[in-house]
Number of protein chains: 2
Amino acid sequence: MANIREIAKAAGVSITTVSRVLNGHPYVKEEKRKKVLETIERLEYARNMHAVHLSKGFSNMIGVVLPTISLPYFSELIEGIAEEAAKAGIHFALYQTNYQLEKEIFALEQLKQRQVDGLIFCSKAMSDEELLNWRETGPFILCQDSREQHFSTISIPHQEAFRCGLDFLIEKGHRKIAIGLARKNGVNSHFRLTAYKEALAAIGETYREDWVFERSLTITDGRKLFSEWSRMEEKPTAVFVANDQVSAGLYLEARHHNIDIPGKLAILSCDNQPISEVLGISTIEIKIKDMGRHAFRLLQKRISGHDPEKQIISYKLVKRLTV
Amino acid sequence: MANIREIAKAAGVSITTVSRVLNGHPYVKEEKRKKVLETIERLEYARNMHAVHLSKGFSNMIGVVLPTISLPYFSELIEGIAEEAAKAGIHFALYQTNYQLEKEIFALEQLKQRQVDGLIFCSKAMSDEELLNWRETGPFILCQDSREQHFSTISIPHQEAFRCGLDFLIEKGHRKIAIGLARKNGVNSHFRLTAYKEALAAIGETYREDWVFERSLTITDGRKLFSEWSRMEEKPTAVFVANDQVSAGLYLEARHHNIDIPGKLAILSCDNQPISEVLGISTIEIKIKDMGRHAFRLLQKRISGHDPEKQIISYKLVKRLTV
DNA sequence: CTGAAAGCGCTTACAG
DNA sequence: CTGAAAGCGCTTACAG
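Source: prediction; values computed, not measured.

## Observations concerning the protein's contact with DNA strand C
- What surrounds DNA strand C is a group of 24 residues, the closest being A:Thr17, A:Arg20, B:Ile4, B:Ser19 and B:Tyr45.
- The side chain of B:Arg47 places a nitrogen or oxygen atom 3.0 Å from a phosphate oxygen of DNA strand C.
- Of all the elements, helix 4 (residues 49-56) of chain B adds the most residues to the surface near DNA strand C, at 5 residues.
- The residue makeup of the surface near DNA strand C, split by class, is 9 nonpolar, 10 polar and 5 charged.

This is the structure we're talking about:
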């Protein structure tokens, strides 16, 4: 395929001039510009971006690190990122980790090798302390809270939001409340658990470990959660789970077994995905797509040398029929 | 950041030798190899991949072109692609098009500029004829059927699969059957429509345009579909829709209005996502993730110079409670 | 406004 | 086994 030298020769100008036309520089006589453009068209020339990247030192590509894309939470987050990235003419590569540390390290190595200009961690397994070691490697941001001041973060105030949901349940008369968490060791789960313990303390209930369900992420997990609930001797009257997929599974399975909702079992979740609306499930709305959009802009700022900053995304209780 | 020259100097060897170590070439004295590795470690050296790509002429990165990632169909497809790509140590960039022609052209231009080594079209708006003009640009494959012999394709035999679903409905006594399609002008929709017309002809029913719902993709679309159904003077007794999201929306809304399913309204869809299992919706199972895996391998073959080939993914009728 | 030349950081025949 | 040198295809001060 043609390269810049051939274009220059064919158009009867210097390589420099071709490059100027390519990059939209001013100071090129209109006549020459036309000639060059014409030649490019005729020879079907396209720049070799590898050379451009080597020369310029960056690639206009960022990396998005996440456990899996098949959860609505993450695919919405990506949508938001993708939207802003497209506007800015920036590409992105996806690094699926399944929360495996080595996959996260792999992504960081890509950053080090300049494969990408920056990284967005949608969620991670690596500890903040460990990630701190990579600080000099290149710019990255987190879509979760961190007290580490060197990290730019965008997050939902999970503790506060979760507490808001718990208080709503309590206000509705519930005292026997179980919760479902996405991961055992995630940051978000940590904050939610804290909110849970605080809320229990506030109403004088004791914390029961068997009322904290873990690894609840999918519809299928929600269905399993119902089985566990129904096998319990002493049953919680309300279950507050991590996302609408879980609540959908739980709700549908419960309905299937003719459980009175919210009479016998109240259900609350987070996200406000379409499915929760169809099913009439009460939920805490989180604007995930917005978070993705902001995440991208935040990374852009870091890439262009701004100091780290912390951003917060708002949430909102959506009352429907399951509480 | 350190470059290969500094490593060479610090290790007391030539640049060539460092490169050999980096690339795992044989013929490097163990002693030197160790020394180089040590130096790399000490200086925290990482290759600048832009230079590697320029030198080698490829980037180990492919592009995945798709309308949106927030539909389960596509996110599963990506999962399959991602899985194989990770095994092969290949990255991928996502190009979301929303079926906009210029976005698809953009992706093809990236290919031309060597930004990616190849392209997987998960679904596209561009016609086969137009895409044919890009044949010389670089390797790409389609995840849909095409009679164009120059394209590698992997596909579900949509016409056959859809007919299988229709025959199942007919066998159950339905004659007034409506269908829902994802897009008006998609290839898949075309095949499904053909199957529909053939099935109607086979039972001597006339084709009614108002019984073909279009743009039915999401849960919300499924709910709308129910409203349309309920407003109809003459109601179809069965609706066969494009995916489990739509059938879920339709089913839930119908249940909400106390419609007897399948007595008053039979529902069938395609995919067999978890949600169809939870709701007990009959569906045609399509192994989308498998398709993604094979799609990646198919592209790999094209990239390494193999001739185009056509692959088919199997399907299976899953009988549950809605028919 | 224009061009010759150095530089980006690798890989890889080629010669030893 | 090893290294000097050419080459990948651009960009960008610098000098005019």
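## Observations concerning the sheet that holds strand 12 (residues 315-318) of chain A
Residues and elements named next belong to chain A.
- In space, the 6 strands of this open sheet follow the order 7-6-8-9-10-12, with mixed pairing throughout. Two strands lie at the open edges of the sheet, namely strand 7 (212-213) and strand 12, each paired on one side alone.
- Packing of helix 11 (residues 244-256) onto the sheet brings it into contact with strand 8 (238-240), strand 9 (266-271) and strand 10 (282-286), and relative to strand 9 it is tilted by some 155 degrees.

## Topic: the domain arrangement of chain A
- Considered domain by domain, chain A is made up of domain 1 (4-47), domain 2 (61-156 + 288-315) and domain 3 (158-286).
- A separation of 63 Å is found between the C-alpha centroids of domain 1 of chain A and domain 3 of chain A.

## Remarks on helix 1 (residues 4-11) of chain A
All names here are of chain A.
- Among the residues making up helix 1, those that are buried are Ile7, Ala8 and Ala11. The buried residues of helix 1 all sit within an arc of 100 degrees when viewed along its axis, so they share a single face. Along helix 1, exposed side chains directed more than 90 degrees from the buried face belong to Arg5 and Lys9.
- Residues of helix 1 that are buried make contact with helix 2 (15-22) and helix 3 (30-42).
- Residue Gly12 follows helix 1 closely and has a positive phi angle near 70 degrees.

## Quick look at the sheet that holds strand 6 (residues 177-180) of chain B
Residue and element names in this part refer to chain B.
- On the basis of which strands lie adjacent, the open sheet formed by 6 strands has the order 7-6-8-9-10-12 and mixed pairing. A strand with exactly one partner marks an edge of an open sheet, and here the two such strands are strand 7 (212-213) and strand 12 (315-318).
- Pairing of strand 9 (residues 266-271) with strand 10 (residues 282-286) involves 4 bridges; the strand directions are parallel. The residue of strand 10 that forms the bridge with Cys270 is Ile284.
- Along the sheet face, helix 9 (residues 187-203) touches strand 6, strand 7 and strand 9 and points at about 175 degrees away from the line of strand 6.

## Comments concerning the packing of helix 1 of chain A against helix 2 of chain A
Residues and elements named next belong to chain A.
- It is at 8 Å that the axes of helix 1 and helix 2 come closest, and there the two elements cross at 105 degrees. With respect to helix 2, the element helix 1 is oriented roughly perpendicular. Contact with helix 1, carried on its side by Ile4, Arg5, Ile7 and Ala8, involves Ile15, Val18, Ser19 and Leu22 of helix 2 and no other residues of that element.
- Its residues assigned to classes, the contact of helix 1 with helix 2 shows 6 nonpolar, 1 polar and 1 charged.

## Side note on the protein's contact with DNA strand D
- In the vicinity of DNA strand D lie 25 residues, with A:Ile4, A:Ser19, A:Tyr45, B:Thr17 and B:Arg20 positioned nearest.
- Here a phosphate oxygen of DNA strand D sits 2.7 Å away from a polar atom, N or O, in the side chain of A:Tyr45.
- Residue assignment for the surface near DNA strand D shows that the elements contributing at least two residues are helix 2 and helix 4 (49-56) of chain A together with helix 2 (15-22) and helix 4 of chain B.
- Considering each element in turn, the surface near DNA strand D owes the most residues, 5 residues, to helix 4 of chain A.
- Along the lines of polarity and charge, the residues of the surface near DNA strand D split into 10 nonpolar, 10 polar and 5 charged.

## Some thoughts on the pattern of salt bridges
Residues and elements named next belong to chain B.
- Tallied over the entire structure, the rule returns 40 salt bridges over all chains.
- Among the ionic pairs, Glu83 bridges to Arg293, the shortest N-O distance being 2.6 Å. With a gap of 210 residues between them, Glu83 in helix 5 (residues 72-88) and Arg293 in helix 13 (residues 288-303) connect regions that are remote in the sequence.
- Using a relative accessible area of 30% as the deciding quantity, one classes Glu83 as partly exposed.

## So, the relation of the copies chain B and chain A
- When chain B is fitted to chain A, the residual RMSD is 0.0 Å, and the transformation amounts to a turn of 180 degrees plus an axial shift of 0.0 Å. Taken together, the rotation and translation relating the two chain copies correspond to the operation of a two-fold axis. Closest approach to the rotation axis within chain B is made by the C-alpha atom of B:Ala93, at a distance of 2.2 Å.

## Looking at the interface of chain B and chain A
- Contacts between the two partners involve 43 residues from chain B and, on the opposite side, 43 residues from chain A.
- For the pairing of chain B and chain A, the buried interface totals around 4,100 Å² over both sides, and the portion due to carbon and sulfur atoms is 64%.
- When the buried area of chain B at its contact with chain A is split by residue, B:His50, B:His91 and B:Val278 rank highest and sum to 16% of it.
- Two residues, A:Arg223 and B:Glu277, come together in a salt bridge whose shortest N-O distance is 3.6 Å.
- Scanning the region where chain B abuts chain A turns up 18 residue pairs in polar contact (both at pLDDT 80 or more).

## Section: the packing of helix 2 of chain B against helix 3 (residues 30-42) of chain B
All names here are of chain B.
- Where helix 2 meets helix 3, the axes come as close as 10 Å, and the angle between the chain directions of the two elements is 85 degrees. Relative to helix 3, the element helix 2 is oriented roughly perpendicular. Counting all contacts with helix 2, which are made through Val18, Val21 and Leu22, the residues of helix 3 involved are Arg33, Val36, Leu37 and Ile40.
- Here the residues of the contact of helix 2 with helix 3 are counted per class, giving 6 nonpolar, no polar and 1 charged.

## Observations concerning the state of the cysteines
All names here are of chain A.
- For the coordinates displayed, the defined rule picks out 0 disulfides over all chains.
- The structure places no disulfide on Cys164, whose sulfur is separated from the nearest cysteine sulfur, that of Cys270, by 9.3 Å.
- The exposure class assigned to Cys164 is partly exposed, which follows from its relative accessible area of 24%.

What counts as what
- Residues numbered from 1 in each chain as written.
- Chains lettered and ligands numbered in written order.
- Predicted model: local features only at pLDDT ≥ 70, side-chain atom pairs only at ≥ 80, totals over all residues.
- Heavy atoms only, no water.
- Near = heavy atom within 4 Å.
- Polar contact = N/O pair within 3.5 Å; in protein donor to acceptor, adjacent residues only side chain to side chain.
- Helix = DSSP H or I, 4+ residues; strand = E, 2+ residues; numbered from the N terminus.
- Nonpolar A, V, L, I, M, F, W, Y, C, P; charged D, E, K, R; others polar.
- Pairing = 2+ DSSP bridges.
- Contact = heavy atoms within 4.5 Å.
- Axes fitted to C-alpha atoms, helices over the stretch in contact; angles between N-to-C directions.
- Domains from an automatic or database assignment.
- Buried < 20%, exposed > 50% of the residue type's maximum accessible area, 1.4 Å probe, protein only.
- Arc of directions from axis to C-beta.
- Parallel < 35°, antiparallel > 145°, perpendicular 65-115°, else oblique.
- Salt bridge = Lys/Arg side-chain N within 4 Å of Asp/Glu carboxyl O.
- Least-squares fit on C-alpha atoms with pLDDT ≥ 70 in both.
- Buried area = accessible area lost by both parts, 1.4 Å probe.
- Disulfide = S-S within 2.5 Å.

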